[in-house]
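# Understanding the architecture of this molecule
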Amino acid sequence: MFVITFGLIITVLKKLEFNFVSGALFVFFISVVSFFAFKISRPVRELIVIDKNDKLIDIAVDFFFIPVMHFGRWLSERFSQVNVFVFALDFFIEAPFKTLIKIFDDW
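Residues numbered from 1 in each chain as written. Predicted model: local features only at pLDDT ≥ 70, side-chain atom pairs only at ≥ 80, totals over all residues. Heavy atoms only, no water.

Before going further, it helps to spend a moment on a nonpolar patch on the surface. A contiguous nonpolar surface patch, about 760 Å² in accessible area, is contributed by L8, V12, L16, F18, F26, F28, F29, I30 and V33. Contributions of two or more residues to the nonpolar patch are made by helix 1 (2-15) and helix 2 (20-47). Looking at the nonpolar patch element by element, the count peaks at five residues for helix 2. Looking at the secondary structure, you find F29 in helix 2. (Patch = residues over 30% accessible without salt bridge, like charges linked within 9 Å, V, L, I, M, F, W, Y side chains within 5 Å. Areas by Shrake-Rupley, 256 points an atom, 1.4 Å probe, with all protein chains shown as cover. Salt bridge = Lys/Arg side-chain N within 4 Å of Asp/Glu carboxyl O. Helix = DSSP H or I, 4+ residues; strand = E, 2+ residues; numbered from the N terminus.)

Set out below in structure tokens:
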């Protein structure tokens, strides 16, 4: 799945005439942002009470999205000591968001 997903991304980037550095930065950014989006939205999904019917397209998107998310997690774990982006997202977005979720949960 990893090879298919990233192969498709790289193929599209080549068709759009991205150079190697631009493509690598795009894949890095998409992977890290996808991982943090999942990490931030996880507490919200725990609060959802309504049963959601998954459509085939949603399942397919999730299936192709998982390798990108795992690559973002790997990048986050490997470069957490020097990753200013990780610190900024955690400090400015995730921490206040979790605080708001806890306040609404207690209310």
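From this point, the narrative continues.
Below, the discussion takes up helix 3 (residues 56-78). In this model helix 3 runs 34 Å from its N-terminal to its C-terminal C-alpha over 23 residues, within 8% of the 33 Å that 1.5 Å per residue would give. Along its length, helix 3 reaches its greatest deviation from straightness, about 35 degrees, at F65, and the proline P67 lies no more than four positions downstream. Residues of helix 3 that are buried: P67, V68, M69, G72, L75 and S76. (Expected span 1.5 Å × (residues − 1). Bend = angle between axes of the 7 residues up to and from the residue. Buried < 20%, exposed > 50% of the residue type's maximum accessible area, 1.4 Å probe, protein only.)

As a further point, take the packing of aromatic side chains. Applying the stated criterion to the full structure yields six aromatic pairs. Ring centres 6.0 Å apart and planes at 65 degrees place the aromatic pair F18 and F26 in the edge-to-face group. Residue F26 is classed as partly exposed on the basis of its relative accessible area, which comes to 34%. Joined through ring pairs, the aromatic side chains of F2, F6, F71 and W74 make up one cluster. (Phe/Tyr/Trp six-rings, centres within 6.5 Å; stacked < 30°, edge-to-face > 60°.)

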